[in-house]
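# Inside the fold
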Amino acid sequence: MPSDHRMNDLQQATEIVRRRGMATPRTAIILGSGLGGLASEIEDPIAIRYAELPGFATSTASGHQGKLIGGKLDGVPVVVMAGRFHRYEGYDDAAVTFPLRLMAELGASRMIVSNAAGGLNPGYRVGDIVVLRDVIDWAKSPTRLGDDVTSAIDRVALASPISVVDEELLEAALQAARNADFTAHVGVYLATLGPTYETRAEYRMMRRFGIDVVGMSTAPEVRMARQLGMRVLALSMVSNVARPDIAVIANHEEVLAAGQAAAFKLRAIVAHVNQLPSP
Amino acid sequence: MLDLYDKIQGARAAILAQWNHKPRVAIVLGTGLGGLVNDIEIEASIEYGDIPHFPKSTATSHRGRLVCGKLNGEYVVAMEGRFHMYEGYPLKQITLPIRVFKSLGAELLVLSNACGGLNPYFRSGDIMVIEDQINMLGDNPLIGINDDRLGPRFPDMSEPYDQQWVDRTIQIARDARIEAHKGVFVAVAGPNLETRAEYRFLRQIGADVVGMSTVPEAIVAIHCGLKVVGLSVITDMCLPDALRAANVEEIIAIANEAEPKLRHIVRGVVGEAGQVRLA
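Note on numbering: residues in each chain are counted from 1, in written sequence order. Each chain takes a letter, starting from A, and each ligand takes a number, starting from 1, following the order in which they are written. Selection of residues for local features in this predicted model requires a pLDDT of at least 70, selection of side-chain atom pairs for listing and counting requires 80 or more, and totals for whole chains, interfaces and linings are taken over all residues.

### Thoughts on the packing of helix H4 (residues 163-175) of chain B against helix H7 (residues 248-275) of chain B
Residue and element names in this part refer to chain B. Selection criterion: Between the N-to-C directions of two axes lies an angle of 0 to 180 degrees, each axis being a line fitted to C-alpha atoms and, for a helix, fitted only over the stretch in contact. Helix and strand labels come from DSSP, where a helix needs a run of H or I of at least four residues and a strand needs a run of E of at least two; each type is numbered from the N terminus. Working rule for angles: under 35 degrees goes down as roughly parallel, over 145 as roughly antiparallel, 65 to 115 as roughly perpendicular, anything else as oblique. Working rule for handedness: look at the near helix, and if it is turned counterclockwise from the far one by less than a right angle, call the crossing left-handed; if clockwise, right-handed. Each residue is represented by a C-beta atom placed from its backbone, and any two residues with such atoms within 7 Å are regarded as in contact. By the convention adopted, Pro, Cys, Tyr, Trp, Phe, Met, Ile, Leu, Val and Ala count as nonpolar, Lys, Arg, Asp and Glu as charged, and the other residues, Gly among them, as polar.
Orientation of H4 relative to H7, taken along the N-to-C sense of each, is 125 degrees, at an axis distance of 9 Å. Between H4 and H7, the crossing angle belongs to the class labelled oblique. Between H4 and H7 lies a crossing of right-handed hand. Residue-level inspection shows Arg 168, Thr 169, Ile 172 and Ala 173 of H4 in contact with H7, the latter providing Ile 265, Gly 268, Val 269 and Glu 272. When its residues are assigned to classes, the contact of H4 with H7 shows 4 nonpolar, 2 polar and 2 charged.

### Let's talk about the environment of Ala44(B)
Residues and elements named next belong to chain B. If you trace the backbone, Ala 44 turns up in strand E2 (residues 41-47). Spatially, the C-alpha atoms of Ala 44 and Arg 263 are 20 Å apart, while their sequence positions differ by 219 residues. Once you skip the residues sitting within four places of it in the chain, Ala 44 turns out to touch Gln 18, Trp 19 and Cys 68.

### Digging into the interface of chain A and chain B
Tallying the contact residues gives 25 residues for chain A and 23 residues for chain B. If one sorts the elements of the side of chain A that touches chain B by residue count, helix H5 (residues 200-208) of chain A sits on top with 6 residues. For the side of chain A that touches chain B, the residue count by class is 11 nonpolar, 8 polar and 6 charged.

### Some details on the packing of helix H2 (residues 93-106) of chain A against helix H6 (residues 219-227) of chain A
Residues and elements named next belong to chain A. At a minimum axis separation of 9 Å, H2 and H6 run at an interaxial angle of 55 degrees. Between H2 and H6, the angle falls in the class oblique. In this structure, H2 meets H6 at a crossing whose hand is right-handed. Packed against H2, whose contacting residues are Asp 93, Val 96, Thr 97 and Leu 100, the element H6 presents Pro 220, Glu 221, Met 224 and Ala 225 at the interface.

What follows is the structure, encoded as structure tokens:
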């Protein structure tokens with residue numbers, strides 16, 4: 001159970017969102033690098049700045065204006081997080097995942113979460129999509145879970161391994177890729193704390209562990225969504241492929257550019273999965 | 001993280017008030033390796049307690065002063081005594097001195113440490129030039145809102161230890177008939193030493209030596225744009241199938257014994273730094 005003040009914030013935030021007329025969403029969508037354009041496609045959008053919502057961390061990062069957007073996507077009611085929180089920004093897991101509590105409270109029964117990730121599997125190419133079957137959380141620590149956990153039992157629950165996947169959503173995502181004729185792999189995601197990119201020695205280690213993609217997000221959200229009983233689809237867009245034996249300098253601009261080029265793929269998967277009936 | 005900038009300025013001013021020069025090289029002396037200060041023509045010696053925002057060194061055989069002067073004809077600053085995560089300091093505070101050295105105008109950072117050898121071809125008392133690193137601290141000194149004045153949000157780590165300097169350092173050792181290995185350093189939080197199972201694990205993930213320092217300083221040096229030379233003195237061999245209990249006195253004795261070799265190499269690196277264009 002979250003702490004009292006968080007329950008309070010949750011209640012207030014829910015009221016604020018409902019008062020603004022947001023319909024009950026079927027799908028909660030978290031936009032990572034590369035999926036940002038989707039926000040502009042939402043019909044009859046109701047956008048609420050994070051700063052207006054109690055319980056939302058206030059991002060003081062340069063020019064990062066987060067919004068919660070409700071509306072219809074391909075005719076299906078959705079709620080979308082444009083802008084997310086990361087642990088490397090100094091937020092604990094409770095703060096990172098609070099928006100998910102809100103979206104579940106609003107009625108979303110499934111979550112689609114996306115990210116841009118570094119490819120470790122040498123068979124991957126920049127711009128490929130990886131549908132995540134498992135998430136390994138390397139950055140979880142009791143001190144980083146935050147005040148969402150008040151009892152030892154909660155702590156154990158939150159710190160347990162994450163079985164991400166909903167087989168039906170995973171199959172649907174792969175089907176969407178086949179329909180639209182692009183490659184989608186199934187793989188394992190490793191969440192690191194960041195914000196540094198990996199050293200070559202670290203890439204080699206992660207490869208040995210059987211990791212396919214590595215990034216700095218997604219694990220806390222997936223864990224929370226599973227805890228809230230939501231069905232989860234997690235997608236990585238491969239923004240670069242690590243070649244530890246041929247050092248190439250990672251570049252955040254390149255990551256963003258790769259995201260833009262692959263955006264249509266994520267869009268196609270979201271469109272397909274979003275049409276599935278709710279459980 | 002935004003308050004760091006002012007702290008750096010405060011510490012910088014305190015040092016400049018006692019020693020108004022631009023160091024070319026900053027040196028951090030590890031456990032048992034403080035003897036190098038005897039080679040420095042000391043112009044100022046400043047206790048950490050007299051430098052605002054510097055932590056106090058609590059580790060065994062670590063003094064706590066900043067030595068400023070000339071080594072091999074070049075201006076240097078040397079930390080006699082460093083800070084570790086296991087002392088309870090946040091990584092941001094541990095690494096503050098590195099940012100202060102950058103603000104004083106240093107271009108090269110030499111990090112030294114005493115460490116355990118995992119590579120079975122190493123011998124106790126050997127020197128290893130660090131070629132790459134693995135961060136197993138479970139933490140990162142760059143967590144929090146990034147101050148863009150200090151460095152980029154997502155630093156690239158494809159070459160934390162400048163390859164040219166690795167080659168130069170090996171050459172300096174070779175010229176003096178000192179055997180210097182090249183390898184991967186893994187940092188753990190400590191303060192307990194590793195179990196045999198952990199040594200096997202660390203060896204398997206690709207590490208040649210293990211220690212409790214250096215990685216935070218190297219990350220911050222990369223963040224703020226310093227070139228880094230890393231030197232490890234192997235003070236005990238950690239061979240899991242023939243493991244003896246570690247003895248701190250013995251470790252320090254071996255560090256002291258190997259110290260002249262390290263001293264020679266550091267002197268050579270500083271001399272070369274005076275000759276090559278660093279930027």
